[in-house]
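Chains, contacts and geometry: an overview
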Amino acid sequence: MIEQLITSFIASAAFGMIFNAPRKSLIKCGFVGMLGWIIYYIMVENRLDTIFSTVVASFVIAVTGQIFSKIYKTPVIIFSVAGVIPLVPGGMAYDAMRNFVQNDYNIAISLAAKAFMVSGSIAIGLVFSEVINQAIRQTQLNRLNKGQGR
Amino acid sequence: MDKQLTFTYEIMDVCLLAGKIMLQSGAETYRVEDTMTRMAAAFGFSHSHSYVTPTGIIFSVEGKEPTKTKLIRIAERTTDLEKVALVNGISRKISSGEFTADEAYQELKIVERASHTYPLWVQGVAAAVSSGCFLIMFMGKWPDFLPAVIAGGVGFISLIYFHRLVPIKFFSEFLASFLIGLLAFLFVKTGAGMEVDKIIIGSVMPLVPGLLITNAVRDLMAGHLVSGLSKGAEAFLTAFAIGSGIALVFSIFAA
């Protein structure tokens, strides 16, 4: 567990460096990535569905990213990209490819479909949090306008 | 009238430069459109339209005169989140009225020219360390940590060098992943590593187009179908290149 915490922190921060995120935000990138990965890890360890765990983890990543982007006035993409990287189904895609090479097409196709679903659910988590964010902002704007109208 | 015309073109240049820098640095399409529209609105052009795809920007501004439209082509795309953040900051300052068009243009030019990227070796070390960490995250064993670090670092550095040698993205990704597979098999054959699969998965992660895939799906969901599909195609090509590089190693050694 502790090794998972440390390695996911370092991996996300290192990815921030590869993507050339601003130096000040590297630690935050690592934190966001660690948070998302740990949520995913705990959920999968408790035998929850991979897809559902991915949606929840990427949702938490995006919400944290949005909070950080409000506080530090930087675009959300900086935090969400580095944070999401551990969830990307690289291993699954690799397994699919390997089975394709070894002519196990049935296993390969099912793995590829699953990898596709997982990357879709990452995006759903991200978009879902954005929708909620916009809804909140809209209601705040409406309240503001009403207040001025009176 | 004439003065108004030059002002319109000036504003368009500022907006397009900002959009160009953001798109080249890997921002999502809808963010580029949003930023350009906001900047134009801050300068008093409330009716502007933009059409952004990963390979070009079309931007038009409606004023008192006939509508002005400009097109720019984007050929090279990299990931440089610092530039996205900097342009974002400039656009915020424009919206709050801190910058005039001229000042903003100068600032954007500085951002465009500046190179904030980390030195190559730092990026290589980052890729290497993250490869090792991914190995552990994907349930690998600690004895495989060092092999994954070496394979990941060599793979990433070679990707950049191959790309300088032959400017075809597909080819350099293929060669880099071939090298990673080769190294992983070498480590296992000599007894330095235990599980080929885990080493390869860990060290391939810095090459995997994770950013592209998620950006593609987000663009699709935001209704930007053209850019979503073209980004998806790019991501698929990258994944295919990596996969076939590894596949070649497998068909040579594990057959």
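An unreviewed UniProt entry lists chain B under the name Threonine/serine exporter family protein, with Metabacillus flavus given as the organism. On record in UniProt, under Sequence similarities (unreviewed entry), the comment for chain B is "Belongs to the ThrE exporter (TC 2.A.79) family."

For chain A, an unreviewed UniProt entry supplies the name Threonine/serine exporter family protein and the organism Metabacillus flavus. Here chain A is described in UniProt, under the heading Sequence similarities (unreviewed entry), as follows: "Belongs to the ThrE exporter (TC 2.A.79) family."

Here the focus is the interface of chain B and chain A. As a measure of interface size, the accessible area lost when the parts come together is often cited. Counting residues at the interface gives 49 residues for chain B, matched by 45 residues for chain A. At the boundary of chain B with chain A, total buried surface from both sides reaches about 4200 Å², with 73% on carbon and sulfur atoms. On the chain B side of the contact with chain A, Leu 81, Tyr 118 and Met 137 of chain B bury the most area, a combined 18% of that side's loss. Put simply, chain B and chain A have zero salt bridges between them. Between the two partners, chain B and chain A, sit seven residue pairs in polar contact (both at pLDDT 80 or more). Where the side of chain B that touches chain A is concerned, the elements lending two or more residues are helix H2 (29-42), helix H3 (81-95), helix H5 (120-137), helix H8 (196-204), helix H9 (210-221) and helix H10 (225-253) of chain B. At 10 residues, the largest contribution of residues to the side of chain B that touches chain A is made by H5 of chain B.

The next subject is H8 of chain B. For H8 of chain B, the buried fraction is high: seven of the nine residues fall into the buried class. Considered for burial, the residues of H8 of chain B that qualify are Val 196, Ile 199, Ile 200, Ile 201, Gly 202, Ser 203 and Val 204 of chain B. Residues of H8 of chain B that are buried sit in contact with helix H5 (90-101) of chain A together with H5, helix H6 (145-165), helix H7 (169-189) and H10 of chain B.

Moving on, we come to the pattern of salt bridges. Residues and elements named next belong to chain B. Per the stated rule, a full pass over the model turns up nine salt bridges over all chains. Two residues, Arg 31 and Glu 28, come together in a salt bridge whose shortest N-O distance is 3.0 Å. Looking at Arg 31, the relative accessible area reads 13%, which means it is buried. Taking relative accessible area as the criterion, Glu 28 reaches 0% and is therefore assigned buried. Residue Glu 173 is joined to Lys 169 by a salt bridge in which the shortest nitrogen-to-oxygen separation is 3.9 Å.

Criteria and cut-off values
Residues numbered from 1 in each chain as written. Chains lettered and ligands numbered in written order. Predicted model: local features only at pLDDT ≥ 70, side-chain atom pairs only at ≥ 80, totals over all residues. Heavy atoms only, no water. UniProt positions renumbered as here; feature names shortened; annotations may be inferred. Contact = heavy atoms within 4.5 Å. Buried area = accessible area lost by both parts, 1.4 Å probe. Salt bridge = Lys/Arg side-chain N within 4 Å of Asp/Glu carboxyl O. Polar contact = N/O pair within 3.5 Å; in protein donor to acceptor, adjacent residues only side chain to side chain. Helix = DSSP H or I, 4+ residues; strand = E, 2+ residues; numbered from the N terminus. Buried < 20%, exposed > 50% of the residue type's maximum accessible area, 1.4 Å probe, protein only.

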